[in-house]
Amino acid sequence: MERSQKAFLRDAEKILLFEHEGMVEGWIHYFWLPEDHYLSTVSFNIDTHTEQALQEFLNLMQEQFKGYDLLLGYPKENEKAVHFLSTHGFECIEDDYHNTAFLNAYELIEASDRIIRIGKANYEYFRHLHTKVEDNMYWNSDRIYADIDNWMIFAEVHDGDPVGCVYYRTAAEGWFEIFGIDLKDDTFDSELFRNLLGKALNSAKELGGKTMTFFCDKECQETVSKLGFKYVGEYVCFQKHLV
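Residues numbered from 1 in each chain as written. Predicted model: local features only at pLDDT ≥ 70, side-chain atom pairs only at ≥ 80, totals over all residues. Heavy atoms only, no water.

What about the environment of isoleucine 93?
Logical step 1: Considering the arrangement of structural elements, one finds isoleucine 93 in strand β5 (residues 91-102).
Logical step 2: When the C-alpha atoms of isoleucine 93 and glycine 119 are compared, they prove to be 29 Å apart, with 26 residues separating the residues in sequence.
Logical step 3: Apart from residues lying up to four places away in sequence, isoleucine 93 is in contact with Leu71, Cys237 and Gln239. (Helix = DSSP H or I, 4+ residues; strand = E, 2+ residues; numbered from the N terminus. Contact = heavy atoms within 4.5 Å.)

Comments concerning helix α3 (residues 79-86)
Logical step 1: Residues of α3 that are buried include every one of Ala81, Val82, Phe84 and Leu85, and no others. For α3, the angular spread of the buried residues around the axis is 165°, confining them to a single face. In this structure, α3 carries Glu79 and His83 as exposed residues pointing more than 90 degrees from its buried face.
Logical step 2: Check the buried side of α3 and you find it contacts α2 (50-64), β4 (69-75) and β11 (230-241). (Buried < 20%, exposed > 50% of the residue type's maximum accessible area, 1.4 Å probe, protein only. Arc of directions from axis to C-beta.)

What about the pattern of salt bridges?
Two side chains with opposite charge may pair up if their charged atoms get near one another.
Logical step 1: With the rule as written, the count across this model stands at ten salt bridges.
Logical step 2: Between arginine 127 and glutamate 124 there is a salt bridge, and its shortest N-O distance comes to 3.3 Å. Pair noted here: arginine 127 and glutamate 124 are both in helix α4 (residues 123-130), with a separation of three residues, about one helical turn.
Logical step 3: On the basis of relative accessible area, glutamate 124 is assigned to the exposed category, the value being 53%.
Logical step 4: Note that lysine 184 and aspartate 161 form a salt bridge whose closest N and O atoms lie 2.6 Å from each other. Of this pair, lysine 184 sits in the loop between β9 (175-183) and α6 (190-206) while aspartate 161 is found in strand β8 (residues 161-172), placing the two residues 23 residues apart along the sequence. (Salt bridge = Lys/Arg side-chain N within 4 Å of Asp/Glu carboxyl O.)

Structural data, given as structure tokens:
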């Protein structure tokens, strides 16, 4: 509710109610970034008639935000939403496992001494890895660099060569989210992955964090679980360019 109330104080956020036959059946809180032509939702909660709500919302967005990219993410178990988006011109751009770590129960691990903190002075270590995987990500190397004061970035470096990095930021008070772990040549290395993930968790706990969110691929899930993350569910994100 606290987050939702901020919509009334911001020029680029709105909340819609979805009504069906005189009954309120849903709530859609959306926002947009004009400079990036980016459009997405903070929350999209529908009780019933999900397909109708999505169709009405899509019609409205196509009318008001031509030229924008609309991104919508849901739990995969929301079969009605997933089916609607899959059959209405949306592309599935992400299919991940959603995990949460409760840092008060997390025990610090010993991480590699070759992991270093990334700042502006040594940012090229991170850029070298991230540019190879960022594709259409919103948080590309340039945007993260411009906003670096709000990020915690660590990279493992072997003889001057960055082999992996992890990057996270604050989602809310006491709540952090890992946005990615990039590995050299995009090849999964369980030990390297564990070192980087452990470093991020150690850092977040030392900062007084309470929870850490992480969306990961299936191949990483076993390592993630061993470090104490709790599996929440599968998450899918869809994108559509509005014309």
